[in-house]
Amino acid sequence: MKDLFAVMLSGTLPPHEPRPKMMSIRRHFTEQLRFTHWVAARLGQPRLADLTLDDFAAYALHLHTVLPGEASREVAQSAVRLLYRYRTVLPGDHLTVNPLDCEEWGNSTRRARAENTTHRIPEHVMGSLLAWCLRIIDELAPDILTTLDAYRAHEATGRPGWQAPRPQLSTVWPHLSADEPARHQHKSARSRFNTFELARLLQGACYILIAYLSGMRDSEIKHLRRGSIHALLDGSGHRYRWTITSLAFKGESDPAGTIATWIIGAPAARAVAVLELLQPPDTDLLLRSLYPAERIRAGAMTLRSSNELINRVITWINAYCHQYRLPDSIPEVNGEPWNLTARQFRRTLAWYIARRPGGVIAGAVQYRHLGIQMFEGYAGTSDSGFRAEVEAEQSTQRSEHLLALTTDHQHDLSGPAAHEAATRLADFHHRTGFTGSVVTDPARLLRVLARHNPEVYPGTYVTCVFNPDKALCRPRSTPGGRAGPVPHDCQPLESRNVALTTDNTTALAAEADRIDHRLRARPVLPPLLHAGLARRRDAIHAFLTANRTAQ
């Protein structure tokens, strides 16, 4: 074992093996100790070369008894398998069998490797929660912060006894139920306990807004410090975008983290500003506990504390709605409150950007704009993995669309590449080997798509039947070395790679109608813009007419 860790730290690595990070080496060391103690108790002091697949199968069963979590068992098995992966550079004794060759080894998380198992927050839950958090930081924050400052000012005097000023919460919340405004008269927070409970509510609302509207991981949010927000100004001096700076850890070579920047919108920037006001002026980290008794620990809150904090927000909102008989509580899922975790926000945001830009949560224009900002922020910072998560969602969505095309719409195609699209889709349907059945498992769909990619890319306005020799966009190389389309460079009205479904023609006709409505609206557009939009409208009409005739 000493030889193994000497190689990982500074020795000559096996071919194609990257140098492990210190955090990974420390984790591997713990699991190697677990394995060596088990081997010593079971077999005494055998040589590594004497271990058999039966021994590894027995150890896998042992892990099931001591490690209930699948992810923990995978970490333990991965550490042991290093003895085989590094066998060519270890002096003397080494493994002669690959643990993966035994059936009991590595089966626990094969499905987890293929897909993201983090739950996505249901749309009706996220929509209601987002609206409440915006209300809390925009309407309740001033009064809560005033009360908290009064308490801290009294504490600084050292005099015993304190009575909080009466929060005027009822003056800002009557609009929640216009027919019963009296029910929103919030009880005064006269005790220190209630003051900090409201402050914790405000802190939790800020965390939720930042986590969901930025895509930052929990560890990245926890390292937010004062002065981390920078506003970008347009030519007239108005703020139009904000950047937020923190530390990124995943995928970075420095275990202390690497400075990274994200681009956010105004609501997340307001949430960070509130967090700065919640903490005492001499506190740099923004996600430390607000309770004085808990501030003896240095650093930010733990992941468990984050999960408790955000679920406390839902509990408070639902209790408030129940007390005042309000209809806008956080909806339940299958009869129970949704259990939020910090990881779900990033997962949910990736899903919405991939599948529902312009969805009901943030409004069509704002959410599209926010999606673009996310990509800009992650393109200019560390290997956060957020883009990969979005692209994985887009791959799943594409496979589902292709399945629908092969079963329902392959005879409804028109356009220059309609015949080629129908041929490829028919071949795709034949190669899947599921004639007469419907593939519904997302992981299975992705496997089928990886083996038999028809290079057909459904879109809102056109369906791309990709042929790099005819492409008018600038094809990019995919991880597998093949060329792929670049949607934002697409020229759908000129490209010969275009096929049209009935949904595509409907979307194009609607776009032409929107342009026509704008051209007839008042005030009149500038001549150059008017002429450009008129040309685009006419081009769309000509394109649709030509392809209806061809069909």
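A brief structural summary. These numbers were taken from a predicted model, which means no experiment stands behind them.

For the protein, the count of helices and strands is 17 helices and eight strands. In the protein, of all internal contacts separated by at least 6 residues, the share reaching a separation of at least 24 is 67%. As displayed, the protein has an accessible area near 28,900 Å², and 54% of this comes from carbon and sulfur atoms.

Right, let's get into the packing of aromatic side chains. Tallied over the entire structure, the rule returns nine aromatic pairs. Between Phe 5 and Phe 29, the aromatic rings sit 5.5 Å apart at their centres with planes inclined by 75°, giving edge-to-face as the arrangement. On the criterion of sequence distance, the pair formed by Phe 5 in helix 1 (residues 2-10) and Phe 29 in helix 2 (residues 22-43) is long-range, its members being 24 residues apart. Overall, the relative accessible area of 8% leaves Phe 5 in the buried class. A ring pair is formed by Trp 316 and Tyr 320, whose centres lie 5.1 Å apart and whose planes are at 15°; its orientation type is stacked. Within this pair, Trp 316 and its partner Tyr 320 are both found in helix 10 (residues 303-323), separated by four residues, close to a single helical turn. The pair Trp 316 / Tyr 320 is uniform in exposure class, with both members buried.

Enumeration over the complete set of coordinates arrives at 16 salt bridges. Here Arg 424 makes a salt bridge to Glu 420, at a shortest N to O gap of 2.8 Å. Placement of the pair is Arg 424 and Glu 420 together in helix 14 (residues 418-432), with a separation of four residues, close to one helical turn. Classification of Glu 420 as partly exposed rests on a relative accessible area of 36%. Connected through salt bridges with shared partners, the residues Asp 516, Arg 520, Arg 537 and Asp 538 form a single ionic network.

For helix 3 (residues 53-66), with 14 residues, the first-to-last C-alpha span of 20 Å sits near the 20 Å given by 1.5 Å per residue. Buried within helix 3 are the following residues: Asp 55, Phe 56, Ala 57, Ala 58, Tyr 59, Ala 60 and Leu 63. The inward-facing, buried residues of helix 3 contact helix 2 and helix 4 (70-85).

Taken as a whole, helix 1 has its buried residues at Leu 4, Phe 5, Val 7 and Met 8. Each buried residue of helix 1 sits inside an arc of 155° when the element is viewed along its axis, so together they form one side. More than 90 degrees from the buried face of helix 1, the exposed residues found are Lys 2 and Ser 10. At its buried positions, helix 1 is contacted by helix 2 and helix 4.

Attention shifts here to the nonpolar core. One finds Leu 129, Leu 202, Leu 278 and Phe 345 to be the most contacted residues of the largest nonpolar core, which totals 68 residues. Of all the secondary-structure elements, those providing two or more residues to this core are helix 6 (123-157), helix 7 (192-214), strand 2 (239-248), strand 3 (258-264), helix 9 (266-278), helix 10 and helix 11 (342-355). Residues contacting Leu 202, with those up to four places away along its chain left out, are Ile 136, Ile 137, Ala 141, Ile 144, Leu 145, Val 274 and Leu 278. Listed in part, the 27 residues of the second largest apolar core include Phe 35, Val 80, Tyr 84 and Cys 102.

This part takes up the pairing of strand 1 (residues 229-233). Across five bridges, strand 1 lies against strand 2 in antiparallel orientation. Within strand 2, the position partnered with Ile 229 by the bridge is Ile 244. Connecting strand 1 to the antiparallel partner strand 2 that follows it, the hairpin turn spans five residues, and Gly 237 within it adopts a positive phi of roughly 85°.

Pairing within the open sheet is antiparallel, and its three strands lie in the order 4-5-8. Whereas interior strands pair on both sides, the edge strands pair on one side only; in this sheet they are strand 4 (456-458) and strand 8 (498-499). Sheet topology note: the strand 5 (residues 463-465)/strand 8 ladder contains two bridges and is antiparallel. Looking across to strand 8, one finds that Cys 464 is bridged to Val 498.

Cut-offs used in this document
- Residues numbered from 1 in each chain as written.
- Predicted model: local features only at pLDDT ≥ 70, side-chain atom pairs only at ≥ 80, totals over all residues.
- Heavy atoms only, no water.
- Helix = DSSP H or I, 4+ residues; strand = E, 2+ residues; numbered from the N terminus.
- Contact = heavy atoms within 4.5 Å.
- Areas by Shrake-Rupley, 256 points an atom, 1.4 Å probe, with all protein chains shown as cover.
- Phe/Tyr/Trp six-rings, centres within 6.5 Å; stacked < 30°, edge-to-face > 60°.
- Buried < 20%, exposed > 50% of the residue type's maximum accessible area, 1.4 Å probe, protein only.
- Salt bridge = Lys/Arg side-chain N within 4 Å of Asp/Glu carboxyl O.
- Expected span 1.5 Å × (residues − 1).
- Arc of directions from axis to C-beta.
- Core = buried A, V, L, I, M, F, W, Y, C linked by side-chain atoms within 4.5 Å.
- Pairing = 2+ DSSP bridges.

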